[in-house]
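Read off the chains here:
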Amino acid sequence: MKTRILSAALLAGAVMLTGCGSKDDAQGKTAADITAKSSAKDIGEAYVNELTRIADALETVDNKQSAEKAAKTIQKAAAGLDSLQEDLDGKADSMKTLEILAARSGELTVLQTRIMDQMMRIQREHPELMETLDQEMANVK
C-alpha cells in the first residue's frame, strides 16, 4: 500500500515536469491552440490549462465509470503536454522554458498539490481504481 501511495505521488509529481493537450472543458488556451507563432505567455497558459484538466478529471473519480472517463481525459492531456514540450524544446532555449514556467509557478504548485491530493484520495478510498488511472498517468512524461 505504501508503494502505491508513493507511486501515485511520484506520478503526480511527474506531471509537473511535462505538458498535456486537447480541449474538453478547459478554459482558455490548450495545447491544441498552440502553433509555431504562439507566444511564451500562450504556451504557459496552455500548460497550466492542460494540468488543470488532469486535476479536474481526477476530482471526479469515485467509481469505475468515472475512472475510465478520467483516464481518457488524462490520456488527451498527456498528449497535449507532450506536444507543448516539443513546442518548448523547438521554440525556446532552456532559460526561456524556465522563465515561462516560473511565471506561472504559483498556479503550477496549486495544480501539483491538487493532483497529488486526488491521487492519494483515490488510492485511499478506491484503491481498485488505481490500475485504470496508473496506466494513463504513466504516460504523462
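The coordinates are above.
Residues numbered from 1 in each chain as written. Predicted model: local features only at pLDDT ≥ 70, side-chain atom pairs only at ≥ 80, totals over all residues. Heavy atoms only, no water.

> Just to check I follow, could you spell out the pattern of salt bridges for this structure?
According to the stated counting rule, one finds seven salt bridges in the structure shown. Notably, a salt bridge pairs E107 with R104, separated by 2.6 Å at the nearest N-O pair. Across the pair E125 and R121 runs a salt bridge whose closest N-O atoms are separated by 3.5 Å. In this pair, E125 and R121 are both assigned in helix α5 (residues 105-125), four residues apart and thus about one turn of the helix distant. If you follow the salt bridges from partner to partner, you end up with D56, E59 and R114 in one network. (Salt bridge = Lys/Arg side-chain N within 4 Å of Asp/Glu carboxyl O. Helix = DSSP H or I, 4+ residues; strand = E, 2+ residues; numbered from the N terminus.)

> What exactly am I supposed to notice about the packing of α5 against helix α6 (residues 130-137) here?
Geometry of a packed helix pair, given as the angle between the helix axes and the separation of the axes. It is at 10 Å that the axes of α5 and α6 come closest, and there the two elements cross at 150°. For the element pair α5 / α6, the angle class is roughly antiparallel. Where α5 crosses over α6, the handedness of that crossing is left-handed. On α6, the residues touching I115, M119, I122 and Q123 of α5 are M130, L133, D134 and M137. Taken together, the residues of the contact of α5 with α6 break down into six nonpolar, one polar and one charged. (Axes fitted to C-alpha atoms, helices over the stretch in contact; angles between N-to-C directions. Parallel < 35°, antiparallel > 145°, perpendicular 65-115°, else oblique. Left-handed = near helix turned anticlockwise from the far one by under 90°. Contact = heavy atoms within 4.5 Å. Nonpolar A, V, L, I, M, F, W, Y, C, P; charged D, E, K, R; others polar.)

The values reported here are purely geometric and, on their own, carry no functional implication.
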